[in-house]
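Descriptive analysis of the structure
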Amino acid sequence: MAVVSICSTKGGVGKTTLVICLADAFARQGGSVVILDADPNGHVAAWREMAGSETKVDVIPGVTEGTIQAHIEEASSRYSIVLVDLEGAASQSVTYAIAWSDLVLMPTKTSGMDLQELYRTYAVVQRTEKALRRQIAARAVFSQIPALKNRVSSHARGLVAGKGIPALTTEILHRPSAYQAMHFTGVTPAHPDGDAKAAQEVRATLSEILEILDREKQAA
Ligand SMILES: Nc1ncnc2c1ncn2[C@@H]1O[C@H](COP(=O)(O)OP(=O)(O)O)[C@@H](O)[C@H]1O
Ligand SMILES: [Mg+2]
């Protein structure tokens, strides 16, 4: 079992989209996975209803500050991966989720303002590390990268590395048809009808995450 939280102090950076895509890709590889929907907006729960029998991802809706720790504890005894989708804020739920995490993913777009929010999110992770007196693995995930990306994303990568924030190598590009349709149709990239290019980047992201979790486990 591994607990992976998806955090950002900002909304709209692609957290929920990433959570759903990763979970569905993992389930299609035969993995057992649950998403705890700890965002009061309930977007994951809405997606789950829409997807119906098209996915094997389990979702626990309506997770709150008061229940999140019990849900994580219970879910991690039953699933290989527990993903926690959080609201775009620095709430108590966010701190609890980080505290329970084997890995924290911090999706970010690449504009200056977005990077400021990434720094803030990483600071929340670092404060939680200090409170717990343990290291918590965390990675920035560059998301919604414009198709003509190269210079923009390498500049952002340089800034993020300069702040000492580790990042995934894999990037999620801006692909409206692939990633936005999912919230209306339930079809994620990993689905047989999903977008092939998006599916490839989601699979690459997932395997990078699984490698990190493996390494963390061996180091523990
Ligand atoms: N890679 C992407 N390409 C295009 N649109 C995206 C991508 N990721 C997310 N979006 C869109 O951006 C908006 C915010 O994404 P969402 O996952 O809800 O962010 P968050 O959970 O961080 O608030 C949604 O409309 C979503 O469809
Ligand atoms: Mg969200």
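Residues numbered from 1 in each chain as written. Chains lettered and ligands numbered in written order. Predicted model: local features only at pLDDT ≥ 70, side-chain atom pairs only at ≥ 80, totals over all residues.

Side note on the overall build of the protein chain
Counting its regular elements, the protein chain contains nine helices and six strands. Here the protein chain has a C-alpha radius of gyration of 16 Å; the compact-globule value for 220 residues is 17 Å, and the two agree. If one aligns the C-alpha atoms of the protein chain with their principal axes, the spans along those axes are about 45 × 45 × 35 Å. Across the protein chain, the fraction of contacts at a sequence separation of at least 24, relative to all contacts at a separation of at least 6, is 77%. (Helix = DSSP H or I, 4+ residues; strand = E, 2+ residues; numbered from the N terminus. Rg over C-alpha atoms; globule rule 2.2 N^0.38 Å. Contact = placed C-beta atoms within 7 Å.)

Points about the sheet that holds strand β2 (residues 33-38)
In space, the six strands of this open sheet follow the order β3-β2-β4-β1-β5-β6, with parallel pairing throughout. The strands lining the two open edges of the sheet, one partner per strand, are β3 (58-60) and β6 (137-142). Taken over all neighbouring pairs, the strand axes of this sheet differ in orientation by 20 degrees on average, direction set aside. In this structure, strand β1 (residues 2-6) lies alongside strand β5 (residues 103-108), joined through three bridges in parallel fashion. What sits directly across from I6, in β5, is L105. Sheet contacts for helix α1 (residues 15-28): β1, β2, β4 (81-86), β5 and β6; angle to β4, the most-contacted strand, approximately 165 degrees. Of the strands in this sheet, β5 and β6 touch helix α5 (residues 112-132), which is tilted by about 165 degrees from β5. (Pairing = 2+ DSSP bridges. Axes fitted to C-alpha atoms, helices over the stretch in contact; angles between N-to-C directions.)

Concerning helix α4 (residues 92-100)
In an α-helix, one full turn covers 3.6 residues, which means residues spaced three or four apart are oriented alike. Buried within α4 are the following residues: S93, V94, Y96, A97 and I98. Against β1, β2, α3 (68-76), β4, β5 and α5 lie the buried residues of α4. (Buried ≥ 20, exposed ≤ 12 C-beta atoms within 10 Å, placed from the backbone.)

Structural notes on the pairing of β2
Of all the six residues making up β2, six are buried; the element is thus mostly covered by neighbouring parts of the structure. Residues V33, I35 and D37 point to one face of β2 and V34, L36 and A38 to the other, with burial holding for every one of them. Here β2 pairs with β4 via six bridges, running parallel. Bridge pairing in β4 links V33 to I81. After leaving β2, the chain enters helix α2 (residues 43-51) and then returns to the sheet as β3, a path that is right-handed. (Right-handed = clockwise from strand over helix to strand, strands pointing away.)

Focus on the site of ligand 1
The environment of ligand 1 is formed by 19 residues, the closest being G14, K15, T16, T17 and Y179. Every element with two or more residues in the shell around ligand 1 is listed here: α1 and α7 (176-180). Taken together, the residues of the shell around ligand 1 sort by class into four nonpolar, 13 polar and two charged. (Near = placed C-beta within 6 Å. Nonpolar A, V, L, I, M, F, W, Y, C, P; charged D, E, K, R; others polar.)

Overview of the packing of α1 against helix α9 (residues 196-219)
It is at 9 Å that the axes of α1 and α9 come closest, and there the two elements cross at 80 degrees. Relative to α9, α1 is oriented roughly perpendicular. Between α1, through C21, L22, A25 and F26, and α9, the contact on the second element is made entirely by V202, R203, T205 and L206. (Parallel < 35°, antiparallel > 145°, perpendicular 65-115°, else oblique.)

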